[in-house]
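# A structural walkthrough
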Amino acid sequence: MNPINAIVISQEKETLLILKKFGEDNAMIMEIIGDAHCISDGTALLKAKKPDLIFLDIVFKDDLFFEMLEQLDFSIPKLVFISAEKEYAIKAFKHNAIDFLLKPTDFNAIILAVYKVIKRREMERSYQNHKINSINILNSASQSNDYVAVAFLEKIELIPMAEIIFCKADGKYTVFVLSNGSNIMSSRNLGEYTTILDNSHFFRIHHSYIINLRHIVKISKKDGYFCELSNGIILSVAKRRQDDFNKFIKLKE
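Predicted model only: the values in this text are computed from it and were never measured. (Residues numbered from 1 in each chain as written. Predicted model: local features only at pLDDT ≥ 70, side-chain atom pairs only at ≥ 80, totals over all residues. Heavy atoms only, no water.)

### As for the overall build of the protein
As a reminder of what qualifies: The way it works is that DSSP assigns letters per residue, a run of H or I at least four long becomes a helix, a run of E at least two long becomes a strand, and they are numbered from the N terminus. Only protein chains enter the accessibility calculation, which uses a 1.4 Å probe; a residue is then buried when its area is under 20% of its type maximum, exposed when over 50%, and partly exposed in between. Every residue pair with non-hydrogen atoms within 4.5 Å of one another is taken to be in contact.
When helices and strands are counted, the protein shows seven helices and 15 strands. Here the protein holds 253 residues, and the buried ones make up 44% of them. In the protein, the share of contacts with a sequence separation of at least 24, taken over all contacts with a separation of at least 6, comes to 51%.

This is the structure we're talking about:
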């Protein structure tokens, strides 16, 4: 089991010290990967680190932080609220908190909260695996129709392969960049799509990128290979893939 990656947003130094000590003593189940003392810094940290869990020990003046969470292009972290005010639990569970910890916080309360997060994550992964099986069936059925089925969180989308400009790795996720200007996130990693996408038009030019040859506007061979795509993005072909790419292009000429 991989440990839960957590960040702490707290104005209280004591809260941070308790959680860091807990993380050090229980490294097998949780790691504190960052902390912030205010909402703006916490938001930046959240987007940079993409944690599994956020400990919140801070007073919110409005709901802007939670509205931002709903707009994330990656899986929304689980929330555990910490407060000395019992009444704050109402706000916590209004925003789908996994748990609410009343100060003074002890290790037993933290470990129960973390195990709740682990349990929720296991349930979601079980559901995700079931959904991926459904996706595999859809992909098998839709390949002849030139569509790819993409799953993320609670939704599944069928995307015409012709509309995909390129796919890029984003950690354990994949982002599909489409010709209509939209981006669609998938919960599957980029490597899995090398066998799903039509191999007569899609080529993995780099560890992090698969491009659609139908959207290549220009190829520059000066100081390496660079592909200019229909949306203006320029991507380089990894040196070790250049020979295969050159052969692939020639096959299509």
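There is more to say, and it comes next.
### Brief notes about helix α2 (residues 39-49)
Selection criterion: By definition, the arc is the one covered by directions from the helix axis to the C-beta atoms.
Turning to α2, its buried residues are Gly42, Thr43, Leu45 and Leu46. Viewed end-on, α2 has its buried residues packed into an arc of 165°, placing them on one side of the element. Exposed residues on α2 whose side chains face more than 90 degrees from its buried face are Ser40 and Ala48. The elements touched by buried residues of α2 are β1 (4-10), β2 (30-36), β3 (53-57) and α3 (64-70).

### Quick look at the packing of aromatic side chains
The following threshold applies: Geometry of aromatic contacts follows a simple scheme: Phe, Tyr and Trp rings, the Trp one being its six-membered ring, pair when their centres are within 6.5 Å, and the pair is stacked under 30 degrees between planes, edge-to-face over 60, tilted otherwise. Lysine NZ or arginine CZ positioned within 6 Å of the ring centre and within 35 degrees of the ring normal marks a charge as sitting over the ring.
Counted by the stated rule, this structure contains twelve aromatic pairs. Seen from their ring centres, Phe22 and Phe107 are 5.5 Å apart, and the 85° between their planes marks the pair as edge-to-face. A residue pair is termed long-range when its members are at least 10 positions apart, and Phe22 in helix α1 (residues 13-25) and Phe107 in helix α5 (residues 107-142) qualify at 85 residues. Between Phe66 and Phe81, the aromatic rings sit 6.0 Å apart at their centres with planes inclined by 15°, giving stacked as the arrangement. You can see Phe66 sitting in helix α3 and its partner Phe81 sitting in strand β4 (residues 78-83), a full 15 residues away along the chain. Each member of the pair, Phe66 together with Phe81, is buried. An aromatic cluster of at least three residues, connected via ring pairs, comprises Phe60, Phe65, Phe66, Phe81 and Tyr88. Across the ring face of Tyr193, the terminal group of Arg188 is positioned such that the distance to the ring centre comes to 6.0 Å.

### As for the nonpolar core
Stated precisely, the cut-off is as follows: Side-chain atoms within 4.5 Å link the members of a nonpolar core, which is a set of buried Ala, Val, Leu, Ile, Met, Phe, Trp, Tyr and Cys residues.
In this structure, Ile54, Leu56, Phe65, Leu69, Phe81, Ile211 and Phe245 are the most contacted members of the largest nonpolar core, which totals 42 residues. With four residues, α3 is the single largest residue contributor to this core. For Phe65, the residues in contact, after removing those within four places along its chain, are Ile9, Ile39, Thr43, Ile54, Leu56 and Phe60.

### Some thoughts on the confidence of the model for the protein
The condition that has to hold: Scored from 0 to 100, pLDDT reflects the predictor's confidence in each residue.
Confidence in the prediction for the protein averages 85 pLDDT; 89% of positions are at 70 or higher. Within the protein, strand β12 (residues 209-212) carries the highest mean pLDDT (96), whereas α5 carries the lowest (72).

### Considerations on the side chain of Asp57
Here is the rule we go by: Each polar contact in these results corresponds to two N or O atoms within 3.5 Å; when the atoms are within protein, one needs to be able to donate a hydrogen and the other to accept it, and residues that are neighboring in sequence are counted only if both atoms are side-chain atoms.
Here Asp57 lies in strand β3. For Asp57, the side chain forms a polar contact with the side chain of Thr15, separated by 2.5 Å. Residues contacting Asp57, with those up to four places away along its chain left out, are Ile9, Ser10, Gln11, Glu12, Thr15, Ile82 and Lys103.

### So, the sheet that holds β2
Adjacent strands of a sheet pair through backbone hydrogen bonds, lying either parallel or antiparallel. Counted only if it meets this: In this analysis, strands are considered paired if DSSP registers two or more bridges between them. The angle between two axes is taken between their N-to-C directions and runs from 0 to 180 degrees, where each axis is a line fitted to C-alpha atoms and a helix contributes only its stretch in contact.
With respect to topology, five strands assemble into an open sheet ordered β2-β1-β3-β4-β5, the strand pairing being parallel. Looking at the sheet topology across the chains shown, the edges are occupied by β2 and β5 (99-102). On average, each strand axis in the sheet is tilted by 20° relative to the strand beside it, whichever way the strands run.

### Topic: the sheet that holds strand β15 (residues 234-237)
Strands sit in the order β13-β14-β15 across an open sheet of three strands; the sheet is antiparallel. Since the sheet does not close on itself, it has two edges, and those belong to β13 (216-220) and β15, each with one partner. Here the strands of the sheet are splayed against their neighbours by 25° on average, with no regard to which way each runs. Inspection of the sheet shows strand β14 (residues 225-229) paired to β15 by four bridges, in the antiparallel sense. The residue bridging Glu228 from the neighbouring strand is Ile234, located in β15.

### Describing unusual backbone geometry
Residue Pro104 is bonded to the preceding Lys103 through a cis peptide linkage, with omega at -5°. By the element assignment, Pro104 lies in the loop between β5 and α5. Of note, Asn96 is a non-glycine position whose phi angle comes to about 60°, a positive value. Turning to its location among the elements, Asn96 is positioned in the loop between α4 (88-94) and β5. Since its relative accessible area comes to 60%, Asn96 is described here as exposed. One non-glycine residue, Asp223, lies in the positive phi region at around 60°. Positionally, Asp223 belongs in the loop between β13 and β14.

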